[in-house]
Amino acid sequence: LSEAYIAGFLDGDGAVSAIIERHPEKRFGFRVRVCLNFYQHKDNIRVLHYIQKYFDEGSLGKSIRNTHKLSLKNQTTLKTILPLLHKYVIVKKKQIEIALNILNKNIATKSDLIRVAKLADKLSSLNIRSKSIRKNSSKIIS
């Protein structure tokens, strides 16, 4: 298996998202975190173990019903992983481009943070399930 396989798996059973969350240690009280998630039925959990081992990254846990989720949230690692997958994805290409844009933005001012949060909003709009489960948007940063 390779990055091409993992990219195909991401296109079908994965998600690229960005979370806007309060963070008291951050200068402006918020952060935007990119997340890469892979989902699979418990009977096929070995593929999630494979991806976790391949990238030496991520936490594996139960999602809903009989589904498990592998979450990769280390921002430094995602800067390396996402370009590798971008070469091969078809469905999630735009999501990865926006996520990389978020990851590579320097946040020196509150305006920078708001711009990055708006990118997170844009990324969310491309994800079908985000509309029903997303908790925060750029509007929470005042």
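Above this text you will find the structure in question.
Here we summarise the structure given alongside this text. Bear in mind that the values here come from a model prediction, so they are computed numbers and not experimental data. (Residues numbered from 1 in each chain as written. Predicted model: local features only at pLDDT ≥ 70, side-chain atom pairs only at ≥ 80, totals over all residues. Heavy atoms only, no water.)

Of the regular secondary structure elements, the protein chain holds 6 helices and 4 strands. Going from the N terminus to the C terminus, the protein chain shows its helices and strands as α-β-β-α-β-β-α-α-α-α. Scaling as 2.2 N^0.38, a compact globule of 142 residues should have a C-alpha radius of gyration of about 14 Å, and the protein chain matches this with 15 Å. Seen through its principal axes, the protein chain has C-alpha atoms that stretch 45 × 30 × 25 Å. Counting only residues that meet the buried cut, the protein chain has 41% of its 142 residues in that class. Looking at the protein chain alone, contacts between residues at least 24 apart form 59% of all its contacts between residues at least 6 apart. Counting every atom, the protein chain has about 8,200 Å² of accessible surface; 51% of that belongs to carbon and sulfur. (Helix = DSSP H or I, 4+ residues; strand = E, 2+ residues; numbered from the N terminus. Rg over C-alpha atoms; globule rule 2.2 N^0.38 Å. Buried < 20%, exposed > 50% of the residue type's maximum accessible area, 1.4 Å probe, protein only. Contact = heavy atoms within 4.5 Å. Areas by Shrake-Rupley, 256 points an atom, 1.4 Å probe, with all protein chains shown as cover.)

Extensive coverage of strand β2 (residues 30-41) is indicated by the burial of 9 of its 12 residues. Where strand β1 (residues 14-22) lies against β2, 9 bridges are found, and the strand directions are antiparallel. When the sheet's bridge partners are listed, E21 is paired in β2 with R31. Across 6 bridges, β2 lies against strand β4 (residues 67-72) in antiparallel orientation. If you follow F38 over to β4, its bridge partner there is L70. (Pairing = 2+ DSSP bridges.)

Below, the discussion takes up the packing of aromatic side chains. In total, this model carries 4 aromatic pairs according to the counting rule given. Ring pairs connect the aromatic residues Y5, F9 and F38, which therefore count as one cluster. (Phe/Tyr/Trp six-rings, centres within 6.5 Å; stacked < 30°, edge-to-face > 60°.)

Evaluated as defined, the whole model comprises 3 salt bridges. With a shortest N-O distance of 2.6 Å, R31 and E21 are connected by a salt bridge. Within this pair, whereas R31 is found in strand β2, its partner E21 is found in strand β1, the two being separated by 10 residues in sequence. What makes R31 partly exposed here is its relative accessible area of 24%. Note that R115 is salt-bridged to D112, the shortest N-O span being 2.8 Å. In this pair, R115 and D112 are both assigned in helix α5 (residues 110-125), 3 residues apart and thus about one turn of the helix distant. Through salt bridges with shared partners, one network takes in E21, R31 and R33. (Salt bridge = Lys/Arg side-chain N within 4 Å of Asp/Glu carboxyl O.)

What is shown is where atoms sit, not what they do.
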